[in-house]
Amino acid sequence: MLLYPRDFRDRYGDDLVQTLTDLSRELGPRRAWRRATLDLVVTVPRYRMETLMKEEHRSTFLTFAITLMACAGIVFLLVDGGPWGLFVSAVLWAVAAVVAITQRSKLARSMDSVDGTRLRRRRLITAAALALLLPVMYVASLYILGDHWGTDAIVAFSLWFVVLIAAVCYFIAGITTPKSSAISQ
Amino acid sequence: MPPDPRSFLPLPQAQFHVLVALTAGDRHGYAIMGAVEDSSAGVVRMGPATLYGTLKKLVERDLVEETDRRPSSDDDARRRYYRLTGLGEAVCRAEADRLTSLARIARSNLRPGLA
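For the structure given in this document, a descriptive report is provided here. (Residues numbered from 1 in each chain as written. Chains lettered and ligands numbered in written order. Predicted model: local features only at pLDDT ≥ 70, side-chain atom pairs only at ≥ 80, totals over all residues.)

**What to know about the overall build of chain B**
Next, step 1: Summing up its helical and strand segments, chain B has four helices and three strands in all.
Next, step 2: Each helix (α) and strand (β) of chain B, taken in turn from the N terminus, gives the series α-β-α-α-β-β-α.
Next, step 3: Within the span of chain B, comprising 115 residues, buried residues form 31% of the whole.
Next, step 4: Restricting the contact set of chain B to residue pairs at least 6 apart, pairs at least 24 apart contribute 57%. (Helix = DSSP H or I, 4+ residues; strand = E, 2+ residues; numbered from the N terminus. Buried ≥ 20, exposed ≤ 12 C-beta atoms within 10 Å, placed from the backbone. Contact = placed C-beta atoms within 7 Å.)

**Concerning the interface of chain A and chain B**
Next, step 1: In this assembly, 18 residues from chain A lie in contact with 15 residues from chain B.
Next, step 2: Every element with two or more residues in the side of chain A that touches chain B is listed here: helix 1 (6-27) and helix 2 (29-52) of chain A.
Next, step 3: Ranked by residues supplied to the side of chain A that touches chain B, first place goes to helix 1 of chain A with eleven residues.
Next, step 4: Among the residues making up the side of chain A that touches chain B, the classes are represented as nine nonpolar, three polar and six charged. (Nonpolar A, V, L, I, M, F, W, Y, C, P; charged D, E, K, R; others polar.)

**Regarding the nonpolar core**
Next, step 1: Counting 32 residues, the largest nonpolar core has V18, L19, L22, I32, L55 and V64 of chain B as its most contacted members.
Next, step 2: The contacts of L19 of chain B, once residues within four sequence positions are left out, are L63, L84, G88 and C92 of chain B.
Next, step 3: Ranked by size, the runner-up nonpolar core spans nine residues in total, among them V75, F76, L92 and Y170 of chain A. (Core = buried A, V, L, I, M, F, W, Y, C linked by C-beta atoms within 7 Å.)

**Comments concerning the pairing of strand 3 (residues 81-84) of chain B**
Residues and elements named next belong to chain B.
Next, step 1: Bridge count for strand 1 (residues 27-28) against strand 3 is two bridges, and the pairing is antiparallel. Directly across from H28, in strand 3, lies its bridge partner Y81.
Next, step 2: In terms of strand pairing, strand 2 (residues 64-67) meets strand 3 through four bridges, oriented antiparallel. By the bridge assignment for strand 3, E65 is matched with R83. (Pairing = 2+ DSSP bridges.)

What follows is the structure, encoded as structure tokens:
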């Protein structure tokens, strides 16, 4: 039950249990659970995705997806500087750019409807958390890798770089987010 | 102004099956599940989460509503009953008409032996 989104769980949790009990009584526990498990596998990702794509979550999801694709592009370029790495990076950046351009109105609209003060604080806290993660990652990579500087080090450096970019992005987004009073309602 | 029932079409299969199940009267979740299975001759078997996910969407679209009315007094009070709204009935009828005309076209286009 915990796998389902909270609003669905709160609203229909008891009914789901009741229905499963009825089903178990009629079909037997084994067949009832088989049907429920298959149903779970299909519905959990769908309902999670639907919740994620709701208007109030859409901007977070889109921002996350765009940032992830852009960062993955950088990682590919750092790991493989050859034509293959360049090609994959270019594709990822192109997809990120297309998503950002086509969804720009949704991103802008959702920015207007949220509590600016809360969003600003959340972004700055995320930036601070990511910034704190940087020295930890650096020390951990030194400890784990030691003097060995091979592919592992490139991956570690890429991850560190991604966290650095994310921290900077969140910081810029945080300080440029107007407080509630400044947001047009 | 109430929304145009045709703007809801085409209905997803699960939603149409649930609406059809509720045309026979108010039912609780498990009864809807059984009715869907019966009306589709066992072809459509909904799981509990699919059923309640579908009901949630139908309630959000004002096609179905919860009701406090119980068909019998000895029924489990914890069960939630659902019924069609006026809009739900209109949408169900519109979808049935759409499928009927589609089936008519299919029958007339297919060779008699295959139809």
